[in-house]
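# Reading the structure
Single-letter residue listing:
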Amino acid sequence: MYRMGIGKKNNAFMVLISFRHFVLIELFTIRKTIFSLVNLYNNKLKHIIMSYSFSKMVNYGFEEAIAKVTDELQKEGFGILTEIDMQAALKKKLNVHFRKYKILGACNPQFAFEALKREGDIGTMLPCNVVVQQGEGDKIKISIIDPVASMMAVKVDGMEELLFTVREKLKRVIEKV
């Protein structure tokens, strides 16, 4: 009879050990799944965060690319407020040689006005930058800021719709250039 009791205790102990083993395996599987999901999320987030501009390689000369992107911007209601020649600025300030690289500050006055009415400090994010730079070989790379991505932190009523409208206009520019 005594042995029978020990056997029952051993069986219960073995069941407990088996259950503990099962739980640990399940927890490990859940942990592994969670880490996989976190990695997937982080990779998607990194892609979203890194996609802050629209770009296109073109076969135009440098000045021709500037003229074409300026023309397409004008068709969408944008004017060029600023033009920064990074090659010249870096040569002057640092005495270094840098590839042809210009930053054009593009502004659509109507959309800028609407944005400024909604949020006075939005001017810190204006104008929309357009970069024309020498790529590899004879290629020229044109990049335009994605206003939706660059202004994700702005949480103002009506701003999102405005930003998506500007985004669509800038996407058309990059497609047509």
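Everything below is about the structure printed above this text.
Residues numbered from 1 in each chain as written. Predicted model: local features only at pLDDT ≥ 70, side-chain atom pairs only at ≥ 80, totals over all residues. Heavy atoms only, no water.

## Focus on the sheet that holds strand β5 (residues 140–145)
Judged by pairing direction, the sheet is antiparallel, and its five strands sit side by side in the order β1-β5-β4-β3-β2 without closing on themselves. Only two strands of the sheet have a single neighbouring strand rather than two, namely β1 (53–58) and β2 (79–85). Put simply, the sheet's adjacent strands are angled 20° from each other on average, direction ignored. With five bridges joining them, strand β4 (residues 128–134) and β5 adopt antiparallel strand pairing. The residue of β5 that forms the bridge with Val132 is Ile142. (Pairing = 2+ DSSP bridges. Helix = DSSP H or I, 4+ residues; strand = E, 2+ residues; numbered from the N terminus. Axes fitted to C-alpha atoms, helices over the stretch in contact; angles between N-to-C directions.)

## Considering the pairing of β4
Here β4 lies mainly inside the structure; five of its seven residues are buried. Relative to β4, strand β3 (residues 101–107) runs antiparallel, the two being bridged by six bridges. For Ile103, the partnering residue across the bridge sits in β4 and is Val131. (Buried < 20%, exposed > 50% of the residue type's maximum accessible area, 1.4 Å probe, protein only.)

## Let's talk about helix α6 (residues 159–176)
Owing to its 3.6 residues per turn, the α-helix brings residues three or four apart onto one side. Look at α6: 26 Å from first C-alpha to last across 18 residues, which is about the 26 Å you get at 1.5 Å a residue. Those residues of α6 that fall on the buried side of the exposure criterion are Met159, Leu162, Leu163, Val166, Arg167, Lys169, Leu170, Val173 and Ile174. The buried residues of α6 occupy one face: seen down the axis, they fall within an arc of 170°. Seen from the open side of α6, the exposed residues pointing more than 90 degrees away from its buried face are Glu160, Glu161, Glu175 and Lys176. Here the buried face of α6 lies against β1, α2 (62–75), α4 (109–118), β4, β5 and α5 (147–150). (Expected span 1.5 Å × (residues − 1). Arc of directions from axis to C-beta. Contact = heavy atoms within 4.5 Å.)

That's the geometry; what it means functionally is another story.
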